[in-house]
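Descriptive structure summary
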Amino acid sequence: MADFTENFNEISELLQKGKAKDIVVAVQKALDAGAPAQDILEKGLIAGMNIIGGKFKRGEVFVPEVLIAARAMNNASVTLKPALIQAGVQPVGKAIICTVKGDLHDIGKNLVKMMIEGKGIEVLDLGVDCGDEKIINVVRDSDAKVLCLSALLTTTMMALKDTIDALKSAGLRDKIKVMVGGAPVTQSFADEIGADAYTPDAAGAAEVCRAFYN
Ligand code: B1M
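Residues numbered from 1 in each chain as written. Predicted model: local features only at pLDDT ≥ 70, side-chain atom pairs only at ≥ 80, totals over all residues. Heavy atoms only, no water.

Considering the pairing of strand E3 (residues 146–150)
- With 5 of 5 residues buried, E3 is to be regarded as a mostly interior element.
- Note that strand E1 (residues 93–99) and E3 share 5 bridges and pair parallel. Along E3, the bridge assignment pairs Ile-96 with Leu-147.
- Pairing geometry for E3 and strand E4 (residues 177–181), over 5 bridges, is parallel. Residue pairing for E4: Val-146 is matched across the bridge by Lys-177.
- Where the polypeptide runs from E3 across helix H7 (residues 157–169) and back to E4, its parallel neighbour, the crossover connection is right-handed. (Buried < 20%, exposed > 50% of the residue type's maximum accessible area, 1.4 Å probe, protein only. Helix = DSSP H or I, 4+ residues; strand = E, 2+ residues; numbered from the N terminus. Pairing = 2+ DSSP bridges. Right-handed = clockwise from strand over helix to strand, strands pointing away.)

If you want it as structure tokens, here you go:
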């Protein structure tokens, strides 16, 4: 079996340096060499972002470095997307995705979106920092079956509960399944706030989301 370690390391390093143009070339090179898209994502892009995350935590890099790494991640994700999405799959239904109020971290949300699209589900992306009113309106007016909420901060986790409560108050809780995720979220927190599902990663989110359409 071919060994793509060198490709993954190159991608991880370019991500850490925030090389938004070069990383696109490296991702394409890895795809052309036959590296599985899922491995490029996990062993190259996410691995690189985890290293930057650790350095950010230890005060070795600061917000600008993290932002340019995030830009490189988003560019690389766009290049990777067609390989992650099965060509020609008819949408099996619709889902809504966003980050909750106060939360600007959209890299994980974008990955979850991509992976769900890869299951043939059309995703309405409401973006970041999404207030309840906007979410309620889209849930009411669309035929989406699943609402995916992402929160990356301990301070925005409670907004997951607020949104679920707002759905209840609007009489819409039974209309939609609510999935939650993001680094600080746990299964027990998801249970506590009355979410229908929690998964720790994007691939799991796509599996669970797809199961709601069976
Ligand atoms: Co921020 N940040 N950040 N940040 N940032 C974290 C999250 C932090 C852990 C860094 C740290 O201190 N170590 C920390 C949070 C601490 C806490 O609350 N416990 C933190 C902080 C404090 C902040 C600010 C407050 C910093 C400041 O201003 N002082 C600020 C807040 C801004 C805001 O949101 N209001 C802030 C800002 C930023 C940037 C703008 C600079 C940038 C975001 C850029 C962007 O997203 N466009 C940024 C980044 C990049 C990070 C780190 C380094 C990386 C996050 C990331 O993208 N990870 C992060 C440290 C880290 O995680 N190592 C950090 C990669 C991504 C693929 O993972 O999003 O976890 P993640 O998604 C995963 C899973 O969680 C899951 O699937 C994904 C992949 O498998 N998942 C789901 C996500 N959503 C899901 C939904 C699901 C299911 C699974 O179902 C619906």
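Once the structure has been displayed, the description carries forward.
Details of the domain arrangement of the protein chain
- One can read the domain layout of the protein chain as domain 1 (5–86) and domain 2 (94–211).
- Between the C-alpha centres of domain 1 and domain 2 there is a distance of 24 Å.
- Facing the 12 residues of domain 1 at the interface are 9 residues of domain 2.
- Where domain 1 abuts domain 2, roughly 860 Å² becomes buried across the two surfaces, and 71% of that area is made up of carbon and sulfur atoms.
- For the pair domain 1 and domain 2, the number of links is 0 salt bridges.
- Applying the counting rule to domain 1 against domain 2 returns 0 residue pairs in polar contact (both at pLDDT 80 or more).
- Mapped onto the side of domain 1 that touches domain 2, the elements with two or more residues apiece are helix H3 (37–57) and helix H4 (63–84).
- Per-element tally for the side of domain 1 that touches domain 2: the top contributor is H4, with 6 residues.
- Here the residues of the side of domain 1 that touches domain 2 sort into 7 nonpolar, 4 polar and 1 charged. (Domains from an automatic or database assignment. Contact = heavy atoms within 4.5 Å. Buried area = accessible area lost by both parts, 1.4 Å probe. Salt bridge = Lys/Arg side-chain N within 4 Å of Asp/Glu carboxyl O. Polar contact = N/O pair within 3.5 Å; in protein donor to acceptor, adjacent residues only side chain to side chain. Nonpolar A, V, L, I, M, F, W, Y, C, P; charged D, E, K, R; others polar.)

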